[in-house]
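Fold and geometry: a report
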Amino acid sequence: MDDTRGRTTKDGIRIYQPGDFAGMHKAGALAADILDRIAPLVVPGVSTGELDAAIEAMVDEAHAVSATIGYKGYKHASCISLNHVVCHGIPGDKRVKDGDILNVDVTVIVDGWYGDTSRMYVAGKLSRKAERLIQVTHDALMKGIEAVKPGNTFGDIGHAIQAYVEAHRMSVVRDFCGHGLGRVFHAPPNVLHYGRAGSGPVLEEGMFFTIEPMVNLGRPETKVLSDDWTAVTRDKSLSAQFEHSIGVTSDGFDIFTLSPAGKFHPTWG
Ligand code: MF3
Ligand code: CO
Ligand code: CO
């Protein structure tokens, strides 16, 4: 593979070639398949470390590489963020309880291409307010994705997400964003999940990036715990997140991380 193909916009955003979509689909499909296959393991009593071990084994079995192990000193194949954890929860001995909600975020490298996706899981009985949060967060991601087409801007994506979330009286986290990816994990631009319509760089065919809104039932502020990774809501309110890796096509978008089993949303089977 030649890493120098294509061009970079004035905002530093790489434009990939039509032939590059296939590599992203392969990486994205593996990440999504792993998230499909851990769904039955998410039951009350399982530890987040056990879920991470299962994920790491699946990455190895696929002869792929975890993008997170060794990334800035991170040591795990996933981030697992429970309840009021916004993102970057570190897998460990903590056990999932009945009624918990959790985000599992997996990034794999296949043939040098990065596939990054996360989704929500529920253990046992789902409360009405958690169900509402998860639904709104999922639908907000989809509203953002629907704003992706050449000529629209990154601000259009953020605006679509923010407007939807705030119409449901929930809040969008400002402290973390989506990102360009492709042959690298995190590249320009920062994909904000809030903003003004028409602001920001213009979308062009061949841009690859994630959209990964974090939505809180309470206030948007977060803080990072002393482990330097775990981000939580300052007001301890419940938080949810969904993430897809996508590419801009000639007339819209291509989702690289679609669930092969149709299980992206936790209530879909
Ligand atoms: N997958 C996360 C993202 O969506 C990044 C995790 S980096 C880690 O960008 F080191 F915390 F794993
Ligand atoms: Co990401
Ligand atoms: Co991710």
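Before reading on, note that the structure itself is shown above.
This report concerns the structure included in the present document.

Conventions we followed
Residue positions are given per chain, counting from 1 as you read along its sequence in written order. Whichever chain is written first becomes A and whichever ligand is written first becomes 1, with later ones labelled in order. The predicted nature of this model means local features are confined to residues of pLDDT at least 70 and side-chain atom pairs, given and counted, to a pLDDT of 80 or more, with totals for whole chains, interfaces and linings taken over all residues. Hydrogens and water molecules were not included; the side-chain quantities draw on all heavy atoms of the structure. Being near a molecule or strand, for a residue, means having at least one of its heavy atoms within 4 Å of it. A 3.5 Å cut-off defines polar contacts: any pair of N or O atoms within that distance qualifies, except that in protein one atom must be a possible hydrogen donor and the other a possible acceptor, and neighbouring residues in sequence count only when both atoms are side-chain atoms. Using a 1.4 Å probe, accessible areas were evaluated by the Shrake-Rupley method; residue-level cover was limited to the displayed protein chains. Under the scheme applied, nonpolar residues are Ala, Val, Leu, Ile, Met, Phe, Trp, Tyr, Cys and Pro; charged residues are Asp, Glu, Lys and Arg; polar residues are all the others, including Gly. Listed donor atoms are N, O and S within 2.8 Å of the metal (Na, K and Ca: 3.2 Å). As water is not included, a site may look incomplete. Every helix listed is a DSSP run of H or I at least four residues long, and every strand listed is a run of E at least two residues long, numbered separately from the N terminus. Working definition: with a 1.4 Å probe on protein chains only, accessible area under 20% of the residue-type maximum means buried, over 50% means exposed, and in between means partly exposed. Whether two residues are in contact is decided by their heavy atoms, any of which lying within 4.5 Å being enough. Note: two strands are recorded as paired if DSSP finds a minimum of 2 bridges between them. Fitting a line to C-alpha atoms yields each axis, with helices limited to the stretch in contact; the angle taken between N-to-C directions then spans 0 to 180 degrees. Disulfides are defined in this document as cysteine sulfur pairs within 2.5 Å.

**Here's the deal with the site of ligand 1**
Near ligand 1 you find 14 residues, and of these Thr68, His179, His186, Glu212 and Glu243 are the closest. The side chain of Thr107 places a nitrogen or oxygen atom 3.3 Å from a nitrogen atom of ligand 1. Side-chain polar atom of Glu212 to an oxygen atom of ligand 1: 2.8 Å apart, as the coordinates give it. Its free accessible area being 340 Å², ligand 1 has 96% of it covered by the protein chains. In terms of residue class, the shell around ligand 1 is built from five nonpolar, five polar and four charged.

**Quick word on the coordination of the cobalt ion (ligand 3)**
Within the protein, the cobalt ion (ligand 3) binds to Asp105 (OD), Asp105 (OD), Asp116 (OD) and Glu243 (OE); these donor distances fall in the range 2.1 to 2.4 Å. Here the donor residues for the cobalt ion (ligand 3) map to a single chain with the spacing D-x10-D-x126-E. Separation of the cobalt ion (ligand 3) from the cobalt ion (ligand 2) amounts to 3.3 Å, with Asp116 serving as a shared donor to the pair. Residue Asp105 is located in strand β6 (residues 101-110), and its partner Asp116 is located in strand β7 (residues 113-122); the two are separated by eleven residues in the primary sequence. Neither Asp105 nor Asp116 differs from the other in exposure class; each is buried.

**Digging into the side chain of Ser47**
You can see Ser47 is positioned in the loop between α1 (21-38) and α2 (48-61). Excluding anything up to four places from it in sequence, Ser47 contacts Gly92, Asp93, Lys94 and Arg95.

**Focus: the sheet that holds strand β15 (residues 239-241)**
Taking strand neighbours across the sheet as the criterion, the three strands line up as β8-β12-β15 in an open arrangement whose pairing is antiparallel. Looking at strand neighbours, the two that pair on one side only are β8 (171-172) and β15, the edges of this open sheet. In terms of strand pairing, β8 meets strand β12 (residues 214-216) through two bridges, oriented antiparallel. Counted as the bridge partner of Ser171 is Asn216 from β12. Most of the contacts of helix α3 (residues 128-146) go to β15, to which it runs at about 35°, and overall it touches β12 and β15.

**Looking at the pairing of strand β4 (residues 79-82)**
Of the two faces of β4, both are covered, the one formed by Cys79 and Ser81 as well as the one formed by Ile80 and Leu82. Pairing of β4 with β6 involves four bridges; the strand directions are antiparallel. Along β6, the bridge assignment pairs Ser81 with Asn103.

**Observations regarding the state of the cysteines**
Summed over the entire model, instances satisfying the criterion amount to zero disulfides. Cys87 takes part in no disulfide bond, and the closest cysteine sulfur to it belongs to Cys79, at a distance of 7.6 Å. The class for Cys87 is buried, based on a relative accessible area of 5%. You can see Cys177 has no disulfide; the closest cysteine sulfur is in Cys87, sitting 10 Å from it.

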